[in-house]
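# Coordinates in review
Each chain, letter by letter, is given below.
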Amino acid sequence: EAKEGVKVEAATQTFATITLQNYFRMYHKLAGMTGTAETEAGEFWDIYKLDVVTIPTNKPVARVDMDDRVYKTKKEKYNAVIEEIVEMVKIGRPVLVGTTSVEISELLSRMLTMRHIPHNVLNAKLHQREAEIVAQAGRKGVVTIATNMAGRGTDIKLTPEVKEAGGLAIIGTERHESRRVDRQLRGRAGRQGDPGSSVFYVSFEDTVMRLFASDRVVKMLDRLGLKDGERIEAPMVTRSIENAQKRVEENNFGIRKHLLEYDDVMNAQRNVIYTRRHHALMGERIGIDIMNMIYDSVEDMVDSFGAPEDYQEFRMKVFTVFAIDMPFTDAEYRSLDRNEMIDRIYKAAVAALRRKGERMAEVALPVFRGIVEQHGAKGMVRVPITDGKRVFGITVDVEESINTECKNIAKAWQKAILLMSIDESWKEHLRELDQLRQSVQNASYEQKDPLLIYKLESFNLFKTMLSTMNNKAIAMLMRGQIPVQQPDEQQQQQQQPAQPKVSQAPREMPRRPQQHYTESRESYPGAAEQRAAMQGSHQQHRPTQPLRVGPKVGRNDPCPCGSGKKYKDCHGKNA
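Residues numbered from 1 in each chain as written. Predicted model: local features only at pLDDT ≥ 70, side-chain atom pairs only at ≥ 80, totals over all residues. Heavy atoms only, no water.

## Concerning the overall build of the chain
The number of helices and strands found in the chain is 18 helices and ten strands. Relative to its 575 residues, the chain shows a buried fraction of 41%. Summarising the internal contacts of the chain: among those between residues at least 6 apart in sequence, 73% fall at separations of at least 24. Carbon and sulfur atoms provide 51% of the accessible area of the chain, an area that totals close to 33100 Å². (Helix = DSSP H or I, 4+ residues; strand = E, 2+ residues; numbered from the N terminus. Buried < 20%, exposed > 50% of the residue type's maximum accessible area, 1.4 Å probe, protein only. Contact = heavy atoms within 4.5 Å. Areas by Shrake-Rupley, 256 points an atom, 1.4 Å probe, with all protein chains shown as cover.)

And the structure:
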């Protein structure tokens with residue numbers, strides 16, 4: 001974009017990627033039918049574990065497949081092709097000329113025009129008339145020039161006089177990189193027992209021959225001193241052409257297999273992520289997955305803090321991820337073994353998550369009952385839920401919410417957070433893997449296997465990604481709550497009560513006024529500062545007295561946050 005002077009857009013982000021081979025291997029049953037699979041039988045077995053079975057033709061093949069006609073230069077080859085076309089037209093046979101590119105088809109067209117031979121050119125520029133041109137290609141004296149992909153899917157029917165003259169003549173202007181394409185071109189003639197012939201014209205200036213033909217053959221041709229336009233007919237030349245094609249096919253297969261080896265590494269990771277995403281999307285075992293995520297996070301956390309002096313840092317990490325205070329003291333931390341620490345933190349985190357879900361249902365249920373009384377139990381309502389930083393709109397069904405006593409809200413919240421965290425983490429992981437794959441290629445200079453290094457490094461990246469994804473998702477789930485209104489906003493709403501707006505779109509759930517309460521202390525004093533701004537209203541509420549839970553902290557006592565400062569100099573400054 002910069003080179004061409006156009007607007008430089010932002011870098012693209014890959015959302016998902018997969019090779020065709022791994023995409024096909026996802027099917028439980030895999031099969032196919034083609035007339036040219038026999039030459040690729042080895043690749044079908046290596047990649048898909050599929051056998052290739054040859055089915056006999058309905059009628060015996062009457063087509064004559066002639067030996068290749070080899071020339072030294074392209075100029076001599078094309079002149080010979082034109083002479084062959086003129087010869088076929090004279091005896092009343094239709095001719096189908098196969099080319100490897102549009103440029104060659106237009107070159108032959110100009111040469112035929114100079115010889116005043118009527119013809120049709122079938123390439124990408126005439127795709128509208130493709131079927132019509134191919135349908136007429138079997139008539140007497142008709143010349144059709146076609147590129148590889150053109151005209152397939154349309155039958156070439158021969159007239160009786162054409163069959164008597166010898167049928168359709170296939171002329172290939174070049175050997176292709178794959179024998180499959182050559183066989184496809186030959187197969188245009190001789191269908192259902194029809195007569196026909198096929199021949200390929202080859203020069204040593206062709207791409208396949210220039211890159212892969214043996215030097216011994218070329219040197220031999222120089223010693224022979226061939227005249228211009230003289231055809232080469234030698235078994236060694238024919239074998240050289242076949243070997244050149246096989247080497248090209250092997251090279252291309254090696255490229256595809258190399259690509260697949262790299263994607264196989266990613267495919268194992270892809271299966272893990274997409275299985276977890278499917279569970280979150282369907283909601284069938286979302287609770288089990290969340291429990292596993294909590295346990296894995298606790299286990300990683302315990303393993304990363306092992307020294308006795310790590311208690312305060314460990315405690316802060318537990319609060320950061322799980323929004324709970326450490327379930328054991330510093331003295332207990334020094335005496336507990338690894339499994340006991342994991343068990344205690346895991347149980348405390350699960351209990352806190354359960355309380356969050358119950359609190360959501362408690363706040364939302366009176367509001368939903370009010371919605372049912374005013375508007376009925378049909379429709380969807382958007383419930384605002386905040387994690388202290390952002391507010392998410394979770395859409396739930398009113399009838400289902402009433403039937404489950406609003407327990408479905410917590411499940412919908414969990415589903416939304418898991419899907420979001422999985423998608424964001426996976427996109428970032430794909431970007432890192434792409435960069436890794438480019439960087440590991442330099443390992444070949446150190447006489448190391450880039451694929452092996454890619455496997456090791458990608459596994460480490462995957463473990464890091466899973467840990468980060470689990471921690472982010474759990475931190476948001478642990479802090480999720482339905483925002484309620486502050487007392488000063490509550491008085492203003494009571495003076496100007498707002499009625500919920502009814503429409504066919506998902507309704508905003510009226511938010512319940514804050515009941516004067518202080519949540520149970522699952523963290524150090526001051527954690528309330530991290531709560532989201534509470535909004536919304538509901539006209540019916542039960543005023544309660546402030547509730548204090550836990551021992552009172554003196555001004556000169558150590559601050560419970562673990563900073564080492566006195567409470568009055570830390571979180572008690574504004575108390």
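## Points about helix α12 (residues 311–322)
The periodicity of an α-helix, 3.6 residues per turn, causes residues three or four places apart in sequence to face the same way. When the terminal C-alpha atoms of α12 are compared, their 16 Å separation across twelve residues agrees well with the 16 Å that a helix rising 1.5 Å per residue should span. Of all the residues in α12, the buried ones are Y311, F314, R315, V318, F319, V321 and F322. Lining the buried residues of α12 we find α11 (286–304), α13 (330–335), α14 (338–375) and α17 (450–478). Count one or two residues on from α12 and you reach A323, which has phi positive near 60°. (Expected span 1.5 Å × (residues − 1).)

## Section: the packing of helix α7 (residues 179–186) against helix α10 (residues 235–282)
As a packed pair, α7 and α10 sit with axes 9 Å apart at the nearest point and diverge in direction by 120°. Accordingly, the angle class assigned to the pair α7 and α10 is oblique. Facing α7, whose interface residues are R179, R180 and D182, α10 presents Q245, K246 and E249. Its residues assigned to classes, the contact of α7 with α10 shows no nonpolar, one polar and five charged. (Axes fitted to C-alpha atoms, helices over the stretch in contact; angles between N-to-C directions. Parallel < 35°, antiparallel > 145°, perpendicular 65-115°, else oblique. Nonpolar A, V, L, I, M, F, W, Y, C, P; charged D, E, K, R; others polar.)

## So, the packing of helix α16 (residues 407–439) against α17
The interhelical angle for the contact between α16 and α17, taken along N-to-C directions, is 155°, at an axis separation of 9 Å. Here α16 lies roughly antiparallel to α17, going by the angle between them. Crossing of α16 against α17: the hand is right-handed. Taken together, the residues that form the contact of α16 with α17 break down as 16 nonpolar, five polar and three charged. (Left-handed = near helix turned anticlockwise from the far one by under 90°.)

## Structural notes on the environment of L430
Looking at where L430 falls in the secondary structure, it is placed in helix α16. Between the C-alpha atoms of L430 and T17, which are 413 residues apart in sequence, the distance is 8.2 Å. Apart from residues lying up to four places away in sequence, L430 is in contact with T14, F15, A16, T17 and M266.

## A few points about the pairing of strand β6 (residues 168–172)
Counting buried positions over the five residues of β6 gives five, a clear majority of the element. Because side chains alternate across β6, one face comprises the buried residues L168, I170 and G172, and the other comprises A169 and I171, equally buried. Across four bridges, strand β3 (residues 95–99) lies against β6 in parallel orientation. If you follow L96 over to β6, its bridge partner there is I170. When β6 meets strand β7 (residues 195–203), the two strands line up parallel, connected through five bridges. Residue pairing in the sheet places I170 in a bridge with S198 of β7. (Pairing = 2+ DSSP bridges.)

## Quick look at the packing of aromatic side chains
Under the counting rule described, the total for this entry stands at 13 aromatic pairs. Aromatic pair F328 and Y333: ring centres 6.4 Å apart, planes at 5°, arrangement stacked. In this structure, F328 and Y333 share a single accessibility class: buried. Put simply, the rings of Y23, F24, Y27, F44 and Y48 pair up and form one aromatic cluster. The ring of F319 carries R479 above its face, with NZ or CZ at 5.8 Å from the centroid. (Phe/Tyr/Trp six-rings, centres within 6.5 Å; stacked < 30°, edge-to-face > 60°. Lys NZ or Arg CZ within 6 Å of the ring centre and 35° of its normal.)

## Looking at α7
Within α7, burial applies to D182, L185 and R186. Viewed along the axis of α7, the buried residues span an arc of 100°, placing them on a single side of the element. Where the residues of α7 are buried, they touch β1 (62–65), β3, β6, β7 and α10. One side-chain oxygen at the N-terminal end of α7 lies 3.2 Å from the backbone nitrogen of R180; it belongs to S178. (Arc of directions from axis to C-beta. Polar contact = N/O pair within 3.5 Å; in protein donor to acceptor, adjacent residues only side chain to side chain.)

## Things to note about the confidence of the model for the chain
Here the chain averages 83 in pLDDT, while 83% of its residues score no lower than 70. Element-level mean pLDDT values for the chain span from 54 in helix α18 (residues 487–495) up to 95 in β6. Here residues 497–505 is a poorly scored stretch, pLDDT under 50, and it has twelve contacts once near neighbours within four places are set aside; other chains count. Scored below 50 in pLDDT, residues 511–550 shows 89 contacts in the model against residues more than four places distant or in partner chains. (pLDDT = per-residue confidence, 0-100.)

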